[in-house]
Amino acid sequence: MDLFSHSWTALRTAVADLADEDFGRPSGCTGWLVRDLVCHLVIDAQDVLITLATPADTEPTRDAVTYWEVTGTPPTGDDPLDALTVRLAAAYEEPWLLKFHLDDVGSAAGRAARLADPALRVATRGQVLTAGDFLSAYVLEWTLHHLDLTAHLPHVAGPPADALAHSRDLLERIAGTPFPASLPDRDALLTGTGRRAPTDAERGALGELAARLPLVLG
């Protein structure tokens, strides 16, 4: 729970510190500007609130690893939901409105996470998992999107080291095998999820795992 709050606070702080012109720059998400990514974070915060307020009375069907739907096809930006996010982001018109909405909904999501019982069973996407596993999965979500936020904004602080380490561990569990120790956490996450192609040296270090990448998480 603490790591969820830490990673989420770091991401929201990074957005709050953005200059207006940063919102019109590309993000690490294909087809999305920074403003589109921030709009997506608002939707993510709503998902956290809705899920934590949707208790379930059946046994968990997923955990932090199996929560993810994994494919090998990177997004193109043409998905209808992705396109809707772009239109919603454009409707804000002014960056301060996006900042305000993310701070408002994001703060509420953070408070809900701190108050949640990790053992509480919650329902989302037709599945049941504990609140602890749900929030653990979301540390990976926040960390990857923090990397997306800073992809073309080198002056913006990146995700915390403990969030990177947690997310790498979770991605390795999703992959069913560790990434080579020679890959720093950040590079393991970027290459592992297809946010950038591995270099020749990285591909050699990855060995057979390279053929299974990217692991596109949805």
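Up top you'll find the structure we're talking about.
Just so it is clear, the model here is predicted, and its values are computed rather than measured. (Residues numbered from 1 in each chain as written. Predicted model: local features only at pLDDT ≥ 70, side-chain atom pairs only at ≥ 80, totals over all residues. Heavy atoms only, no water.)

S.K.: Would you take a moment to explain the overall build of the protein chain for this structure?
M.R.: The helix and strand inventory of the protein chain stands at eight helices and four strands. Scanning the protein chain from its N terminus toward the C terminus, one meets helices and strands in the order α-α-β-α-α-β-β-α-α-α-α-β. The C-alpha radius of gyration of the protein chain comes to 17 Å, within 12% of the 17 Å expected for a compact globule of 218 residues. Based on the C-alpha atoms only, the size of the protein chain along its principal axes is roughly 45 × 45 × 30 Å. By the burial criterion, 47% of the 218 residues in the protein chain qualify as buried. Put simply, 72% of the contacts in the protein chain that link residues at least 6 apart link residues at least 24 apart. For the protein chain, the accessible surface area stands at approximately 10300 Å², while carbon and sulfur atoms represent 56% of it. Charge centroids of the protein chain, computed over 17 positive and 31 negative side chains, lie 1 Å from each other. (Helix = DSSP H or I, 4+ residues; strand = E, 2+ residues; numbered from the N terminus. Rg over C-alpha atoms; globule rule 2.2 N^0.38 Å. Buried < 20%, exposed > 50% of the residue type's maximum accessible area, 1.4 Å probe, protein only. Contact = heavy atoms within 4.5 Å. Areas by Shrake-Rupley, 256 points an atom, 1.4 Å probe, with all protein chains shown as cover. Lys, Arg positive; Asp, Glu negative; His and termini not counted. Charge placed at Lys NZ, Arg CZ, Asp CG, Glu CD.)

S.K.: Before we go on, may I ask you to explain unusual backbone geometry in this structure?
M.R.: Negative phi characterises most residues that are not glycine, and trans characterises most peptide bonds. Here the residue pair Leu213 and Pro214 is connected by a cis peptide bond, since its omega of 5° sits within 30 degrees of zero. Even without being glycine, Glu93 reaches a positive phi, approximately 65°. Glu93 gets classed as exposed once you look at its relative accessible area, which sits at 69%.

S.K.: Honestly, a nonpolar patch on the surface in this entry has me stumped. Any pointers?
M.R.: Residues Ile43, Leu81, Leu84 and Leu88 make up a contiguous nonpolar surface patch of roughly 330 Å² in combined accessible area. Ranked by residues supplied to the nonpolar patch, first place goes to helix 3 (residues 80-92) with three residues. Note on placement: Leu81 falls in helix 3. Relative accessible area serves as the criterion here: at 59%, Leu81 is assigned to the exposed category. (Patch = residues over 30% accessible without salt bridge, like charges linked within 9 Å, V, L, I, M, F, W, Y side chains within 5 Å. Salt bridge = Lys/Arg side-chain N within 4 Å of Asp/Glu carboxyl O.)

S.K.: Can you help me understand the side chain of Asp44 in this one?
M.R.: Relative to the helices and strands, Asp44 resides in helix 2 (residues 34-52). Although Asp44 lies buried, it forms no salt bridge, and the closest oppositely charged side chain, Arg125, sits 8.5 Å away as judged by the N-O distance. Side chain to side chain, Asp44 and Tyr138 meet in a polar contact 3.3 Å long. In this view, Asp44 contacts Tyr138, Glu141, Trp142 and His145; residues no more than four positions away in its chain are not counted. (Polar contact = N/O pair within 3.5 Å; in protein donor to acceptor, adjacent residues only side chain to side chain.)

S.K.: I keep staring at the packing of helix 1 (residues 2-16) against helix 6 (residues 161-175) and nothing clicks. Help me out?
M.R.: Geometry of a packed helix pair, given as the angle between the helix axes and the separation of the axes. Between helix 1 and helix 6, whose axes approach to 9 Å, the crossing angle comes to 120°. Between helix 1 and helix 6, the interaxial angle falls into the category oblique. Helix 1 and helix 6 meet at a crossing whose hand is left-handed. Note on element contacts: helix 6 touches helix 1 through Asp162, Ala163 and His166, opposite Leu3, His6 and Ser7. Its residues placed into classes, the contact of helix 1 with helix 6 shows two nonpolar, three polar and one charged. (Axes fitted to C-alpha atoms, helices over the stretch in contact; angles between N-to-C directions. Parallel < 35°, antiparallel > 145°, perpendicular 65-115°, else oblique. Left-handed = near helix turned anticlockwise from the far one by under 90°. Nonpolar A, V, L, I, M, F, W, Y, C, P; charged D, E, K, R; others polar.)

S.K.: Just to check I follow, could you spell out a negative patch on the surface for this structure?
M.R.: Residues Asp20, Glu21, Glu93 and Glu94 make up a contiguous surface patch of negative charge. Relative to the helices and strands, Asp20 is located in the loop between helix 1 and helix 2. According to the relative accessible area criterion, Asp20 is partly exposed, its value standing at 48%.

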